[in-house]
Amino acid sequence: MKIRSLILSSLSALALSACAAGPDYVAPNPHPASSGPFLSAADPAFTPEALSGDWWRLYDDPVLDALVQDALAANTDIREALARIERARAGLRGANAGRLPQTAIAAGATYGRVPAGQVAPGGEREDWSHDIGLQMSYELDLFGRVGRGVEAARADLAASEADADAVRVMVVADTTRAYADAASGAARLRVAEEIVALLDRSLGLTRRRHEAGLSSGLDVARVATLRDQRVAEIPALRADRNAALFRLATLTGRAPADLPEIAGERSIVLEIARPLPVGDGAQLLARRPDVRAAERRLAADTARIGVATADLYPRVTLGASVGSTGSDMSDIFGGGPLRWLLGPLLDWAFPNQEPVRARIAASEADAKASLAAFDRAVLSALGETETALSNYANALERRRVLQSAREAAERAARITRAQQREGAINSLEQLDTERTLAEASAQLADQDALVSRAQIDLFRALGGGWASGKGLASGRAVGEAARQLAGLER
């Protein structure tokens, strides 16, 4: 009785003094400068308003809205990320199970022969033996090993969820980019065909002048060469547009042949013509899923230091078992011989604790690496956003200059065509003007596409890409968008 009392009082004292081993996690605070306005956001192209999660709706294009919904529902990368969340959730369930008693049932039947000295007078030496037992154990989490494990698993789950959000950001941006590339490709094709049509008229005029003896055959050949060079660019533009549509099909979980025709009908560059909402650094860091994932991984690795540190101390488990053995089943369930055991089990790596301390050092190194990864994620988010802001603002400025250049080239072309009809200029001057107009028109069309891409890249850098509860329903939405558009057309 004295020994039992001593054991119980010792366990009670340990339980009262129980604490979680290892450091308590404290979320790192980014540098205060990272929370302020963006350096590149002073341009009139931006506003300090917060960015909406469903930023693609700013384009006011129902076909794009439907395609994004399809991508969020059926994209294979998102499905893979969701599977990783399920795996992390299962890991958390397993960690939580460590807080509950562990039970096991064992049963068996054997047939054998026992020595004669172990058999009661008149008993059988050969017979069946049946055994059944129930075992139960419960770890007293005196030093937080199980609790820290649950803490780490919960942080791992949150990191997996943030990773899935990052995939959604990527998928939404890629889907919008593919749709925009297809629209820009159609616009560039239209410009290329318009240039060819202008050169066809110029070639026809030059041929008529040649037939009238006012131009040489060399003049005709030069204009024809310029015209054919521009015609040769059309197949490459068509291939680029088709590639964008094929990417769009893959991103929305379709085979290329299953992509609705309405997805490729837009021939106007996809662009938001008003200033873009960008928020500030604090909103960026709170919104960027890669930053959230890095912070949660740091929390998980910090908790694992506690898991390793808890092994420095005794692990106390309460165990119990009950069972029965008999020659037949009636002996077991009919009040036959019953055995039971009850008592604590002490497991302690002592005095050689060097392996435990090595695991602690490894866990601390993992936490240091995770802290560096968090800092890198913060710096990358800020750097990518500033770069995207600068690229977009400068893309707009370059387009303004190209628009002016294209207007000047068009005026010059109109003048030279009139002068050519009157015989006031030679063919080389007229050819040079046509070439300048063709190049200015193509450059402007290309820059329109670059502005559209820069806009989408900015939204990606800002961490926008999905809104909670939106885009997750199954099914296809493009058909509904087509019906909506048909209704608008009517």
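Keep in mind the model is a prediction, meaning the values are calculated, not measured.

Is there a simple way to think about the overall build of the protein in this case?
Regarding its fold elements, the protein presents 11 helices and six strands. Scored against the burial criterion, the 490 residues of the protein give a buried share of 41%. With an accessible surface of roughly 26,300 Å², the protein has 56% of that area assigned to carbon and sulfur atoms.

I would appreciate a short explanation of the environment of Arg266 in the present structure.
Residue position: Arg266 is located in the loop between helix H5 (217–251) and strand E4 (276–277). When the C-alpha atoms of Arg266 and Asp61 are compared, they prove to be 9.8 Å apart, with 205 residues separating the residues in sequence. Apart from residues lying up to four places away in sequence, Arg266 is in contact with Asp61, Tyr179, Ala182, Ala183 and Ala186. A distance of 2.8 Å separates a polar atom in the side chain of Arg266 from a polar atom in the side chain of Asp61. Engagement of the side chain of Arg266 in a polar contact is seen with the backbone oxygen of Ile268, the distance being 2.7 Å.

So what exactly am I meant to see when it comes to the confidence of the model for the protein here?
It should be kept in mind that the predicted coordinates are not to be read in detail where pLDDT is low. Here the protein averages 88 in pLDDT, while 89% of its residues score no lower than 70. The low-confidence segment residues 6–17 (pLDDT under 50) makes seven contacts with residues lying over four places distant or belonging to another chain. Taken together, the stretch residues 466–478 has pLDDT below 50 and engages in 33 contacts with residues farther than four places along the chain or on a different chain.

I would appreciate a short explanation of a nonpolar patch on the surface in the present structure.
Together, Ile105, Leu134, Val322, Leu338, Trp340 and Leu342 give the surface a local cluster of nonpolar side chains, amounting to about 710 Å² of exposed area. No other element matches the three residues that strand E6 (residues 338–347) contributes to the nonpolar patch. Relative to the assigned elements, Leu338 resides in strand E6. Of the residues examined, Leu338 reaches a relative accessible area of 61% and is grouped as exposed.

Would you explain the pattern of salt bridges in this entry?
Enumeration over the complete set of coordinates arrives at 38 salt bridges. Taking the shortest distance from any N to any O, the salt bridge between Arg148 and Glu151 comes out at 2.9 Å. A residue pair is termed a helical-turn pair when its members lie 3 or 4 positions apart in one helix, as Arg148 and Glu151 do in helix H4 (residues 145–211) at three residues. Classification of Glu151 by relative accessible area gives partly exposed; the value is 27%. With a shortest N-O distance of 3.9 Å, Glu410 and Arg414 are connected by a salt bridge. Note that Glu410 and Arg414 are positioned in helix H9 (residues 354–421) at a spacing of four residues, about one turn of the helix.

Is there a simple way to explain the packing of helix H7 (residues 289–310) against H9 in this structure?
The angle between the axes and the distance between the axes are what describe a pair of packed helices. Relative to each other, H7 and H9 sit at 170°, their axes nearing to 8 Å. When the interaxial angle is binned, H7 and H9 end up roughly antiparallel. Among the residues forming the contact of H7 with H9, the class breakdown is 14 nonpolar, four polar and eight charged.

Sorry if this is basic, but what is going on with the nonpolar core here?
When a protein is soluble and globular, its nonpolar side chains tend to lie buried together. In terms of nonpolar packing, the biggest core is built from 65 residues, with Phe46, Trp55, Tyr59, Tyr392 and Leu458 touching the most fellow members. If you tally residues by element for this core, the top one is H4, at 12 residues. Excluding anything up to four places from it in sequence, Tyr392 contacts Ala45, Phe46, Ile272, Leu276, Val451, Ala454, Gln455 and Leu458. Core analysis: the next-biggest nonpolar cluster, separate from the first, contains 11 residues, Val191, Ile195, Ala224 and Ala438 among them.

What should I look at first to understand the packing of aromatic side chains in this one?
How two aromatic rings sit relative to each other is set out by the distance from centre to centre and by the angle between their planes. This structure, assessed with the given rule, holds eight aromatic pairs. Judged by centre distance (6.3 Å) and plane angle (80°), the rings of Trp55 and Trp56 are edge-to-face. The exposure class assigned to Trp55 is buried, which follows from its relative accessible area of 0%. Put simply, the rings of Trp55, Trp56, Tyr59 and Phe459 touch in pairs and so form one group of aromatic residues.

What is the right way to look at the side chain of Ser202 in this model?
Summarising the element assignment, Ser202 is placed in helix H4. Those residues in contact with Ser202 that sit more than four places away from it in its chain are Val223, Gln430 and Glu434.

Honestly, the packing of H4 against H9 in this entry has me stumped. Any pointers?
Contact pair H4 / H9: the axes reach a minimum separation of 11 Å and the direction vectors enclose 15°. When the interaxial angle is binned, H4 and H9 end up roughly parallel. Like other packed secondary-structure pairs, H4 and H9 cross with a definite hand, here left-handed. Between H4 and H9, the residues in contact are Leu198, Leu205, Thr206 and Arg209 and Arg417, Gln420 and Arg421, respectively. Of the residues in the contact of H4 with H9, the class split is two nonpolar, two polar and three charged.

What should I look at first to understand the sheet that holds strand E3 (residues 126–140) in this one?
Strands pair in a sheet through their backbones, by hydrogen bonds, and they do so in one of two ways: parallel or antiparallel. On the basis of which strands lie adjacent, the open sheet formed by four strands has the order E2-E3-E5-E6 and antiparallel pairing. Unpaired on one side and paired on the other, strand E2 (102–113) and E6 mark the two borders of the sheet. In this sheet, adjacent strand axes meet at a mean angle of 20° when their direction is disregarded. In this structure, strand E5 (residues 315–326) lies alongside E6, joined through 10 bridges in antiparallel fashion. Across the sheet, Gly319 pairs through a bridge with Gly343, a residue of E6.

Before we go on, may I ask you to explain H7 in this structure?
An α-helical turn contains 3.6 residues, so any two residues separated by three or four positions project in the same direction. With 22 residues, H7 extends 32 Å from end C-alpha to end C-alpha; this agrees with the ideal 32 Å at 1.5 Å per step. In terms of burial, H7 is a largely internal element, 16 of the 22 residues being buried.

For this particular structure, what's the right way to read the environment of Ile332?
Structurally, Ile332 is set in helix H8 (residues 329–333). When the C-alpha positions of Ile332 and Ile132 are compared, they lie 7.8 Å apart, and in sequence the two are 200 residues distant. Leaving out residues up to four positions away in the same chain, Ile332 has contacts with His130, Asp131, Ile132, Ser324, Thr325 and Gly326.

Conventions used here
- Starting from 1, residues in each chain are numbered consecutively following that chain's sequence as written.
- Confidence filtering applies because this is a predicted model: local features only for residues at pLDDT of at least 70, side-chain atom pairs given and counted only at 80 or more, and all residues used for totals across whole chains, interfaces and linings.
- For side-chain calculations, the full set of non-hydrogen atoms in the structure is used, while hydrogens and water are omitted.
- A run of DSSP states H or I qualifies as a helix once it reaches four residues; a run of E qualifies as a strand once it reaches two. Both are numbered from the N-terminal end.
- Only protein chains enter the calculation, and the probe is 1.4 Å; a residue is then buried if its accessible area is under 20% of its type maximum, exposed if over 50%, and partly exposed in between.
- Computed with the Shrake-Rupley method and a 1.4 Å probe, the accessible areas treat only the protein chains shown as cover for residues.
- Note on contacts: a residue pair qualifies if any of its non-hydrogen atoms lie within 4.5 Å across the two residues.
- Whenever a nitrogen or oxygen atom comes within 3.5 Å of another N or O atom, the pair is scored as a polar contact, on the condition that within protein one atom can donate a hydrogen and the other can accept it, and that pairs from neighbouring residues in sequence are kept only if both atoms are in side chains.
- Residue-level confidence of the predictor, termed pLDDT, takes values from 0 up to 100.
- By definition, no residue in a patch forms a salt bridge, and every one has over 30% relative accessible area; like charges are joined within 9 Å, nonpolar side chains (Val, Leu, Ile, Met, Phe, Trp, Tyr) within 5 Å.
- Every case where a carboxyl oxygen of Asp or Glu lies within 4 Å of a side-chain nitrogen of Lys or Arg is listed as a salt bridge.
- Axes here refer to lines fitted to C-alpha atoms; in helices the fit is confined to the stretch in contact. Angles between the N-to-C directions go from 0 to 180 degrees.
- With respect to orientation, any angle under 35 degrees is reported as roughly parallel, any angle over 145 as roughly antiparallel, any angle of 65 to 115 as roughly perpendicular, and every other angle as oblique.
- As a working rule, the residues Ala, Val, Leu, Ile, Met, Phe, Trp, Tyr, Cys and Pro are called nonpolar, Asp, Glu, Lys and Arg charged, and the rest polar, with Gly in that last group.
- What makes a nonpolar core is a set of buried Ala, Val, Leu, Ile, Met, Phe, Trp, Tyr and Cys residues whose side-chain atoms join them at distances within 4.5 Å.
- In summary, the pairing rule links any two rings of Phe, Tyr or Trp, Trp by its six-membered ring, whose centres are within 6.5 Å, and it sorts them by plane angle into stacked for under 30 degrees, edge-to-face for over 60 and tilted for everything else.
- In this scheme the handedness of a crossing depends on how the near helix is turned from the far one: anticlockwise by less than a right angle means left-handed, clockwise means right-handed.
- Two strands form a pair only when DSSP identifies at least two bridges running between them.
- Each helix should span, by expectation, one fewer than its residue count multiplied by 1.5 Å.

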